[in-house]
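Single-letter residue listing:
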Amino acid sequence: MGKGRLRNRIIFGSLFSAMTIIVAFISISKAREPGLKLSPIADSSVQPAIKENNQSAQQEADVLKMPYYTRWRTFSKEDGLPSDKAFCVRADGERVWVGTDNGLALYEGGKWRAYATQDGLPHRAVLSLDVSPHTGDLWVGTMGGLARLSAGRFDVFSQASSGLSNDFIHDVACDPDSDVIWVATAMGLSRLDLRSGEWSIFTEQNTPMHEPWTYSVAVENGLVYVGAWGGGILEYNTKAGRWREYRDPDKEMEIDLLPDDGPVHDVTAGIDYVNGILWQASYFGLARYDGRQWRTYFTDDSGLANNFINFVRAKGRIAWLCTDKGLSSTDGDNWVTYRRLDNAKGELLLYQQSNLLHRRVTPNAIAHNFVLGVDFQGDKIWIATEKGVSYGEW
């Protein structure tokens with residue numbers, strides 16, 4: 001690559017990174033909006049929201065098959081986190097990793113341990129985490145490069161020292177079927193073959209990518225899905241070496257004119273692909289694709305906490321949505337939404353499509369309604385929020 005072209009890539013990468021930081025700060029500012037002003041009911045009580053009949057009884061039975069959590073515990077800087085602002089969380093057996101705006105944290109044996117730039121992190125802001133199923137190594141995406149934590153030591157990969165396309169890492173994913181690491185950056189998608197040490201870069205020059213600002217990446221069964229800012233979703237078939245593009249057909253940036261016609265929006269904030277189901281999170285709603293049909297979801301026609309979705313993670317048939325006004329889960333028809341009330345108690349809402357069936361108030365709640373990450377540790381759920389990390393139990 002010529003020096004002029006490399007210089008332009010670095011300049012554009014810096015501009016994209018700056019834009020991302022602005023978006024992040026706008027998102028964080030939204031988290032400081034006043035709390036939800038909802039009238040709580042008696043602790044641990046359940047309030048039916050519809051009249052009983054055969055249809056409603058069946059709806060309730062369907063919703064109650066959804067997993068939901070009623071007991072929450074929160075950790076903050078006072079408990080050992082390097083910061084209350086948590087961007088991501090990843091469970092690894094008995095260990096839980098958390099990325100914050102001031103370093104990496106490990107929860108193990110009931111205690112927290114923090115890792116900083118002095119320990120080898122390339123940057124203090126940790127945006128994404130994944131654990132290799134083959135080696136057990138932790139891969140860390142930061143605002144200043146990629147790192148691998150192996151045997152207690154950080155190995156750093158940067159644009160200057162490796163084939164990484166840009167140092168601003170939005171997402172990192174370990175291929176479950178091969179020794180390959182996929183990295184979504186502010187200047188395209190990067191792939192590292194751990195066996196050969198070879199890097200590959202995918203941008204608008206060799207893919208259908210509208211522009212090289214990639215936000216999210218998910219891998220399963222030889223298919224790689226990439227969430228792009230302004231470019232919808234890209235699918236890469238690793239065996240055939242072919243790309244496919246999914247865009248919002250109506251091309252409207254403000255609203256979704258035609259529901260269920262494709263991705264909900266061309267600005268993709270996050271994606272996940274599990275058991276053949278693709279989930280797209282955007283700042284304008286949610287989309288689900290089963291390989292045949294698209295379905296789109298919004299706050300006014302579902303139990304989604306809000307259309308502004310920061311992150312999505314699927315576990316089996318259920319997707320978990322991290323929004324700026326709470327946490328939601330859905331199987332496509334049934335919904336469970338969690339919110340924190342002004343009195344620090346929790347609100348649990350059960351929906352069948354857009355019909356509210358039950359509302360429950362719990363003695364404790366998630367740390368904050370601005371949720372940025374979620375993962376699972378056995379029967380426990382962990383969430384990263386603007387004001388700490390919480391885990392929930394049945």
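Look above for the structure.
Residues numbered from 1 in each chain as written. Predicted model: local features only at pLDDT ≥ 70, side-chain atom pairs only at ≥ 80, totals over all residues. Heavy atoms only, no water.

Our next topic: the pairing of strand β26 (residues 334-340). Of all the 7 residues making up β26, 6 are buried; the element is thus mostly covered by neighbouring parts of the structure. Pairing between strand β25 (residues 326-330) and β26: 4 bridges, direction antiparallel. Bridging across to β26, S328 finds its partner in T337. Once β25 ends, the chain turns through 3 residues before running back antiparallel as β26, passing G332 with a positive phi of about 110°. Of the strand pairs in this sheet, β26 and strand β27 (residues 346-352) are connected by 7 bridges, and their pairing is antiparallel. For V336, the partnering residue across the bridge sits in β27 and is L350. Following β26, the chain reverses through 5 residues before pairing antiparallel with β27; A344 in that reversal takes a positive phi of roughly 75°. (Buried < 20%, exposed > 50% of the residue type's maximum accessible area, 1.4 Å probe, protein only. Helix = DSSP H or I, 4+ residues; strand = E, 2+ residues; numbered from the N terminus. Pairing = 2+ DSSP bridges.)

Each aromatic ring pair is characterised by the separation of its centres together with the angle its planes make. Taken as a whole and judged by the stated rule, the model has 33 aromatic pairs. Between F75 and Y107 the ring centres are 4.9 Å apart and the planes differ by 45°, which places this aromatic pair in the tilted class. Within this pair, whereas F75 is found in strand β2 (residues 71-75), its partner Y107 is found in strand β5 (residues 103-108), the two being separated by 32 residues in sequence. Comparing F75 with Y107 shows no difference in burial state: the two are buried. (Phe/Tyr/Trp six-rings, centres within 6.5 Å; stacked < 30°, edge-to-face > 60°.)

Attention now moves to the environment of N206. If you trace the backbone, N206 turns up in the loop between β14 (199-202) and β15 (214-220). For N206 and W243, which are 37 residues apart along the polypeptide, the C-alpha to C-alpha distance reads 9.6 Å. Within the structure, N206 has its side chain in polar contact with the backbone oxygen of I201 (distance 2.9 Å). A polar side-chain atom of N206 sits 2.8 Å from the main-chain amide nitrogen of T203. (Polar contact = N/O pair within 3.5 Å; in protein donor to acceptor, adjacent residues only side chain to side chain.)

Further remarks concern the sheet that holds strand β6 (residues 111-115). The antiparallel open sheet is built from 4 strands, whose spatial order is β3-β4-β5-β6. If you trace the sheet from one side to the other, it starts and ends with β3 (86-92) and β6, each paired once. Across the sheet, the mean angle from the axis of one strand to that of its neighbour is 20°, orientation sign disregarded. (Axes fitted to C-alpha atoms, helices over the stretch in contact; angles between N-to-C directions.)

So, on to the pattern of salt bridges. Under the defined criterion, the tally for this structure stands at 14 salt bridges. One salt bridge connects E245 with R247, and the closest N-O pair in it is separated by 3.3 Å. Using a relative accessible area of 22% as the deciding quantity, one classes R247 as partly exposed. Members of the salt-bridge network, linked through shared partners, are R90, D130, R313 and D375. (Salt bridge = Lys/Arg side-chain N within 4 Å of Asp/Glu carboxyl O.)

Turning our attention to the side chain of S76. Within the secondary structure, S76 is located in the loop between β2 and β3. Leaving out residues up to four positions away in the same chain, S76 has contacts with L81 and D84. (Contact = heavy atoms within 4.5 Å.)

What the 4 strands build is an open sheet, ordered β11-β12-β13-β14; its pairing is antiparallel. Because the sheet does not close on itself, it has two edges, and the strands there are β11 (169-174) and β14. Across the sheet, the mean angle separating the axes of adjacent strands is 20° when strand polarity is ignored. Note that β11 and strand β12 (residues 180-185) share 5 bridges and pair antiparallel. Paired with I169 across the two strands is T185, which belongs to β12.

Relative to strand β13 (residues 188-193), β12 is paired through 6 bridges, and the arrangement is antiparallel. Residue V183 lies in a different strand from β13, and its bridge partner there is S190. The turn joining β12 and β13, which pair antiparallel and follow one another in sequence, is formed by 2 residues. One ladder, built from 4 bridges, connects β13 with β14; its direction is antiparallel. The partner of R191 across the bridge, within β14, is S200. With antiparallel pairing between neighbouring strands as the criterion, β13 and β14 make up a hairpin whose turn holds 5 residues, including G197 at a positive phi of roughly 75°.

A separate point is the nonpolar core. By size, the foremost hydrophobic cluster in this structure holds 19 residues, and its most contacted members are W320, L327, Y338, I381 and I383. Those elements giving two or more residues to this core turn out to be β24 (318-323), β26, β27, β29 (371-377) and β30 (380-385). Setting aside residues no more than four positions away along its own chain, Y338 makes contact with P67, Y68, Y69, W72, W320, G326, L327, E347, L348 and I366. Counting residues in each nonpolar core, the second largest holds 15 residues, with I277, L286, V312 and L321 among its members. (Core = buried A, V, L, I, M, F, W, Y, C linked by side-chain atoms within 4.5 Å.)

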